[in-house]
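Descriptive analysis of the structure
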Amino acid sequence: MMLPIRYEDRGVATILYDEKVFEWRYEGAWQSAADRFPVSLTMPVTDKMIGADVVVPWLMNLLPEGEPLRAMTRVLGASAEDVIGLVTETGGDLAGALTIGDHSTEGEPGYRPISDTASLARIIAELPARPFLANEEGVAMSLAGAQDKLPVAVRDGEFTIPVNGASSTHILKPDNPRLFGSVQNEALCMVLARRVGLNVAPVTTGVAGGRSYLLVERYDRLGDGDRVRRLHQEDFCQALGRSPVAKYQFNRSGRRGPSLEEMFDVVREHMTAVDITRFLDAVIFNIGIGNVDSHAKNYSILLQPEIQFAPLYDLMSGLAWDGITPNHAQDVGGQRRGTYIYGRHWRRMAEACGLAPAATVRRVAGVLDRVLDELPNAAEEVAAMPGGAGAFLELFVDEIRKRASEVRAHSLVEGDAGHGMSTEPSDIPDEASAYPT
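Computed from a predicted model, the values in this text were never measured in an experiment. (Residues numbered from 1 in each chain as written. Predicted model: local features only at pLDDT ≥ 70, side-chain atom pairs only at ≥ 80, totals over all residues. Heavy atoms only, no water.)

Of the strand pairs in this sheet, strand β7 (residues 150-155) and strand β9 (residues 170-174) are connected by three bridges, and their pairing is antiparallel. By the bridge assignment for β9, V152 is matched with H170. As defined by bridge partners, β7 adjoins strand β8 (residues 158-163) across three bridges and the pair is classed as antiparallel. Bridge pairing in β8 places R155 opposite E158. Between β7 and the antiparallel strand that follows it, β8, lie two residues; D156 among them carries a positive phi value of about 55°. (Pairing = 2+ DSSP bridges. Helix = DSSP H or I, 4+ residues; strand = E, 2+ residues; numbered from the N terminus.)

Written out as structure tokens, the structure reads:
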């Protein structure tokens, strides 16, 4: 059997598979195209066959995880192990620029209006049982992650659903009933990152039928109206050939996930000094706000028109919620608990990652000074959004202020050598998510 991989109206590659064979081959025209790009850093454009050991983990990272994946398999009548079947059913609109399979057989690509706020509220309510509107006529889309979300296209200020392979422009993320104030929390962290000077996907908030939501503008899409172009990207699990269950450095998958050292190596090999600084600033920011879920799938790489560190997304502080692991997704110089990360840990991380230790410590202080300066302004900006401040915005602000101040102060001292990193099972974050879903 053959599964086509396409970019816009052009063939990129074909997967040939049956019970005995699984191979990826780039199309000859794509190999010689002046504007070609690799599907993954693990799959450079070549005339050679690429096998399942490389391709399948990359495909798995296009699918959701946890309960959304289980719900998707129930709706589609497919097994979670049937990666080809799942990506074929959902490959009309994915992260990045590619479509997998043929999703225009029932009509031209287009957009189905969401008629009113009540209809949007109904769609949001149904997402846990029917992720990405799976099995709805003409709809074939997927995103990674363990939380409910929905790709949508905003056209003339109205929400629509892409059909028959049309492209979404935004991601709608409803509030999480198990994480009070999740919409305002994420909006605050995203706005704060932008105000600090980090490259971040634009966001706003809204309300539909009593449910609040975050609306994220997709950085892997360009344009609006009738012409939306996709840009190709992949996350660091894909770039390092890891399956999604290994997105945390310490996990129960049997294979250690990406470390900061490995991720910096990717940036250094394929990108510029500017991208190295952007990645370092992102790491500092996530430690400073208590984003323990900044795993390898929450950092990405744009692969066209040139390889560069992608804008940040999925920024959230876990400090105000009970039951959240205190351990970050990667260790910093041997320490994962933000409250115990001192100057010696930053210097140790810098040495391992090929950075200047003294300059890295100065960078920590500088980034977190900007975090503390911009935090009140970011809160005001979120409160003015359509979704409002909610009941817990000030709590999130207070917790971030305390942690950022603590991390900044600790970066300037050696710290207590008694606070080492534990890798006992009780300290290992849940492999599905640091946050309950």
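In total, this model carries 30 salt bridges according to the counting rule given. The salt bridge involving E126 is made with R130; its shortest N-O contact spans 3.4 Å. A residue is classified by how much of its surface remains accessible, and R130, at 24% relative accessible area, is partly exposed. Through salt bridges with shared partners, a single network forms among D93, R218, D220, R221 and R230. (Salt bridge = Lys/Arg side-chain N within 4 Å of Asp/Glu carboxyl O. Buried < 20%, exposed > 50% of the residue type's maximum accessible area, 1.4 Å probe, protein only.)

Bringing the nonpolar core into the picture now. Nonpolar side chains in soluble globular proteins generally cluster together in the buried interior. Counting residues in hydrophobic clusters, the biggest one holds 131 residues, and the most contacted among them are W24, L59, L188 and W346. The residues touching L59, leaving out its near neighbours within four places in the chain, are I15, F22, V83, I84, V87 and I100. (Core = buried A, V, L, I, M, F, W, Y, C linked by side-chain atoms within 4.5 Å. Contact = heavy atoms within 4.5 Å.)

Right, let's get into the packing of aromatic side chains. Under the defined criterion, the tally for this structure stands at 17 aromatic pairs. Here Y7 and F37 contribute two aromatic rings whose centre-to-centre distance is 5.2 Å and whose plane-to-plane angle is 85°, an arrangement assigned as edge-to-face. One end of the pair, Y7, is in strand β1 (residues 2-7); the other, F37, is in the loop between α1 (28-32) and β4 (50-51), with 30 residues separating them in the sequence. Like F37, Y7 is buried. Among the aromatic residues, those joined into a ring-pair cluster are F236, F264, F279, Y299 and F309. (Phe/Tyr/Trp six-rings, centres within 6.5 Å; stacked < 30°, edge-to-face > 60°.)

Here we come to the environment of R155. Topologically, R155 is positioned in strand β7. Measuring from C-alpha to C-alpha, the distance between R155 and T169 comes to 8.9 Å, with 14 residues separating the pair along the chain.

Following both chains from N to C, one finds helix α11 (residues 357-383) and helix α12 (residues 393-411) inclined at 170°, their axes separated by 9 Å at the closest point. Taken together, the axes of α11 and α12 are roughly antiparallel relative to one another. Contacts between α11 and α12 involve V361, V364, A365, L368, D369, V371, L372, L375, A379, V382 and A383 from the first element and L393, V397, I400, R401, A404, S405, V407, R408 and S411 from the second. Counted by class, the contact of α11 with α12 contains 15 nonpolar, two polar and three charged residues. (Axes fitted to C-alpha atoms, helices over the stretch in contact; angles between N-to-C directions. Parallel < 35°, antiparallel > 145°, perpendicular 65-115°, else oblique. Nonpolar A, V, L, I, M, F, W, Y, C, P; charged D, E, K, R; others polar.)

Here the focus is the side chain of Q233. Note that Q233 resides in strand β14 (residues 233-235). Looking at Q233, its side chain comes within polar contact range of the side chain of Y219, at 2.4 Å. Within polar-contact distance, the side chain of Q233 engages the side chain of S300 at 3.3 Å. (Polar contact = N/O pair within 3.5 Å; in protein donor to acceptor, adjacent residues only side chain to side chain.)

Now for helix α5 (residues 117-126). Three or more residues of α5 are buried, namely S119, L120, A121, I123 and I124. If you follow the buried residues of α5, they end up packed against β7, β8, β9, β10 (203-208) and β11 (211-217). By the N-cap criterion, in which a side-chain oxygen at the helix start approaches the backbone nitrogen of a residue two or three places on, α5 is capped by D116, the distance to A118 being 3.3 Å.

The next subject is the confidence of the model for the protein chain. In low-pLDDT regions, the fine details of the predicted coordinates are not to be read closely. When pLDDT is averaged along the protein chain, the result is 93, and 94% of the positions lie at 70 or above. Scored below 50 in pLDDT, residues 418-432 shows 41 contacts in the model against residues more than four places distant or in partner chains. (pLDDT = per-residue confidence, 0-100.)

Here we have six strands laid out as an open sheet, ordered β6-β8-β7-β9-β11-β10, and antiparallel in their pairing. Bordering the open sheet on either side are β6 (110-113) and β10, each of which pairs with just one other strand. Averaged over all adjacent pairs, the angle separating strand axes in this sheet is 45°, with direction ignored. In the packing of α5 onto the sheet, contacts are made with β7, β8, β9, β10 and β11, and the angle to β10 comes to roughly 100°.

Most of strand β17 (residues 327-332) is tucked away, with six of its six residues classed as buried. One ladder, built from two bridges, connects β17 with strand β18 (residues 335-337); its direction is antiparallel. The residue of β18 that forms the bridge with N327 is R337. The antiparallel pairing of β17 with β18 creates a hairpin that spans two residues between the two strands, and G333 there sits at a positive phi of about 60°.

Below, the discussion takes up unusual backbone geometry. Only a minority of non-glycine residues have a phi that is not negative, and only a minority of peptide bonds are not trans. Note the cis peptide between Q304 and P305, where omega equals 0°. Following the sequence through the fold, P305 ends up in the loop between β15 (300-302) and β16 (308-309). For E8, which is not a glycine, the phi torsion comes out positive at approximately 55°. Within the fold, E8 resides in the loop between β1 and β2 (10-17).

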